[in-house]
Amino acid sequence: MTVTADQTDFSDHAHLGDDDLSGVWRRGDQVDAAALKQTAGAFPSGVTVITTVQGIQPVGMTVSSFTTVSIDPPLVLVCVDRRASCLHAFRIGAPMGVNVLGCEQGPLARTFAGRGEDRFDGVEYRAGPHGVPLLEGTSAWLSTHIDRIYDGGDHQILVARVHAVHRDDTPPLLYHSGRMHDWAVAAVASRAEQH
Ligand SMILES: Cc1cc2nc3c(=O)[nH]c(=O)nc-3n(C[C@H](O)[C@H](O)[C@H](O)COP(=O)(O)O)c2cc1C
């Protein structure tokens, strides 16, 4: 499948401020949304739950768009849909936990992507550095503070500075083509195919 879009030249917009950019993004956006999602889904990732606190209330949301940006200074980013109801809790200066889910935590990923109910109800977690909720049984966690927020079209790009990290032996949950996969099961299946 090949899908093309009009080429967009951003070079003459370097002088524009953040507020002007959303207009610039709209140029040359003819790629079909479903085709883009399907194609981007070929790129596998892990699954995280980003967390913060609002007053004394824990807040959390499933996010697969986690990326390391820089080692020195230590920066990471996540992209959050502008329509996400908890986006306002992830503001500049707020502490943010990045919980890298383990291979058996698919149900947790669905809980933290679901609507309405208290997402932390029945979930085992503890307060980490700066009070960020850290979920039990994850592969790793990073404790951060949100440093900058950039316009990313229908998403916002949250760039956060990392203060503390922890890695466990639990294999990670994988996300590919819109589905979550158990790392161990995927590894066994791929080995079986090779023989
Ligand atoms: C595996 C998985 C990965 C996701 N990745 C993202 C992501 O990177 N960014 C995002 O904004 N939403 C992502 N979502 C969807 C959000 O978790 C979901 O829309 C959000 O929690 C809805 O929150 P709300 O009901 O409070 O608005 C993902 C969902 C799943 C199941």
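This write-up is about the structure you can find in this document. (Residues numbered from 1 in each chain as written. Predicted model: local features only at pLDDT ≥ 70, side-chain atom pairs only at ≥ 80, totals over all residues. Heavy atoms only, no water.)

**What to know about the overall build of the protein**
Step number 1: For the protein, the count of helices and strands is 4 helices and 12 strands.
Step number 2: For the protein, the proportion of contacts with a sequence separation of at least 24, taken over those separated by at least 6, is 64%.
Step number 3: When the accessible area of the protein is evaluated, it comes to approximately 12000 Å², of which 53% is carbon and sulfur surface. (Helix = DSSP H or I, 4+ residues; strand = E, 2+ residues; numbered from the N terminus. Contact = heavy atoms within 4.5 Å. Areas by Shrake-Rupley, 256 points an atom, 1.4 Å probe, with all protein chains shown as cover.)

**Some remarks on the site of the ligand**
Step number 1: Near the ligand there are 18 residues, and of these Thr-62, Ser-65, Cys-79, Asp-81 and Ser-85 occur at the shortest range.
Step number 2: Within the side chain of Ser-85, an N or O atom sits 2.3 Å from an oxygen atom of the ligand.
Step number 3: One of the side-chain N or O atoms of Arg-119 is found 3.1 Å from an oxygen atom in the ligand.
Step number 4: Against a free-state accessible area of 640 Å², the protein chains account for coverage of 82% of the ligand.
Step number 5: Looking at the shell around the ligand, the elements that each hand over two or more residues are β3 (57–63) and β5 (75–81).
Step number 6: When grouped by side-chain class, the residues that make up the shell around the ligand number 8 nonpolar, 6 polar and 4 charged. (Near = heavy atom within 4 Å. Polar contact = N/O pair within 3.5 Å; in protein donor to acceptor, adjacent residues only side chain to side chain. Nonpolar A, V, L, I, M, F, W, Y, C, P; charged D, E, K, R; others polar.)

**Details of the layout of surface pockets**
Step number 1: Here the second largest pocket is characterised by a volume of approximately 330 Å³.
Step number 2: Phe-66, Val-100, Ala-140, Leu-142 and Arg-167 are the residues nearest the centre of the second largest pocket, which is lined by 21 residues in total.
Step number 3: Secondary-structure elements contributing two or more residues to the lining of the second largest pocket are β1 (45–46), β4 (67–70), β9 (140–152) and β10 (155–167).
Step number 4: Split into classes, the residues belonging to the lining of the second largest pocket amount to 9 nonpolar, 9 polar and 3 charged. (1 Å grid on protein atoms, 1.4 Å probe; cavity = no way out; pocket = protein on both sides within 12 Å on 5 of 7 lines; lining within 4 Å. Points joined across faces, edges and corners; volume = space filled by probe spheres on them.)

**A look at the pairing of β5**
Step number 1: Judged by how many residues are buried, β5 sits mostly within the fold: 6 of 7 residues are covered.
Step number 2: One ladder, built from 3 bridges, connects β4 with β5; its direction is antiparallel. Across the sheet, Thr-67 pairs through a bridge with Leu-77, a residue of β5.
Step number 3: Hairpin connection between β4 and β5: a loop of 4 residues separates the two successive antiparallel strands. (Buried < 20%, exposed > 50% of the residue type's maximum accessible area, 1.4 Å probe, protein only. Pairing = 2+ DSSP bridges.)

**Notes on the nonpolar core**
Step number 1: One finds Ile-50, Met-61, Val-78, Val-80, Phe-90, Met-96 and Leu-158 to be the most contacted residues of the largest nonpolar core, which totals 22 residues.
Step number 2: Filtering out sequence-adjacent residues up to four positions away, Phe-90 remains in contact with Ile-50, Thr-51, Thr-52, Val-59, Met-96, Ile-146, Ile-149 and Leu-158.
Step number 3: Formed by 10 residues, the second largest nonpolar core is a distinct cluster that contains Val-47, Leu-108, Val-123 and Leu-173. (Core = buried A, V, L, I, M, F, W, Y, C linked by side-chain atoms within 4.5 Å.)

**Topic: the pairing of β9**
Put simply, side chains in a regular strand alternate between the two faces of the sheet.
Step number 1: When strand β6 (residues 95–100) meets β9, the two strands line up antiparallel, connected through 6 bridges. Paired with Gly-97 across the strands is Ser-143, a residue of β9.
Step number 2: The sheet contact formed by β9 and β10 spans 12 bridges and is antiparallel. Each residue of the ladder has a partner; that of Tyr-150, found in β10, is Ile-157.
Step number 3: Here β9 folds back onto β10 in antiparallel fashion, the turn holding 2 residues, of which Gly-153 has a positive phi close to 70°.

**Structural notes on the environment of Ala-164**
Step number 1: The topology assignment puts Ala-164 in strand β10.
Step number 2: A C-alpha to C-alpha distance of 5.8 Å links Ala-164 and Leu-142, two positions 22 residues apart in sequence.
Step number 3: With residues up to four places along the chain from it excluded, the contact list for Ala-164 reads Pro-129, Trp-141, Leu-142 and Ser-143.

**What to know about the pattern of salt bridges**
Step number 1: Considering all chains together, one arrives at 4 salt bridges under this definition.
Step number 2: Where Asp-147 meets Arg-148, a salt bridge forms, and the shortest distance between an N and an O atom there is 3.8 Å.
Step number 3: A relative accessible area of 47% means that Arg-148 is categorised as partly exposed. (Salt bridge = Lys/Arg side-chain N within 4 Å of Asp/Glu carboxyl O.)

**Here we look at the environment of Lys-37**
Step number 1: You can see Lys-37 is positioned in helix α2 (residues 33–40).
Step number 2: Once the C-alpha coordinates of Lys-37 and Gly-178 are considered, the two residues, 141 residues apart in sequence, prove to be 8.7 Å apart.

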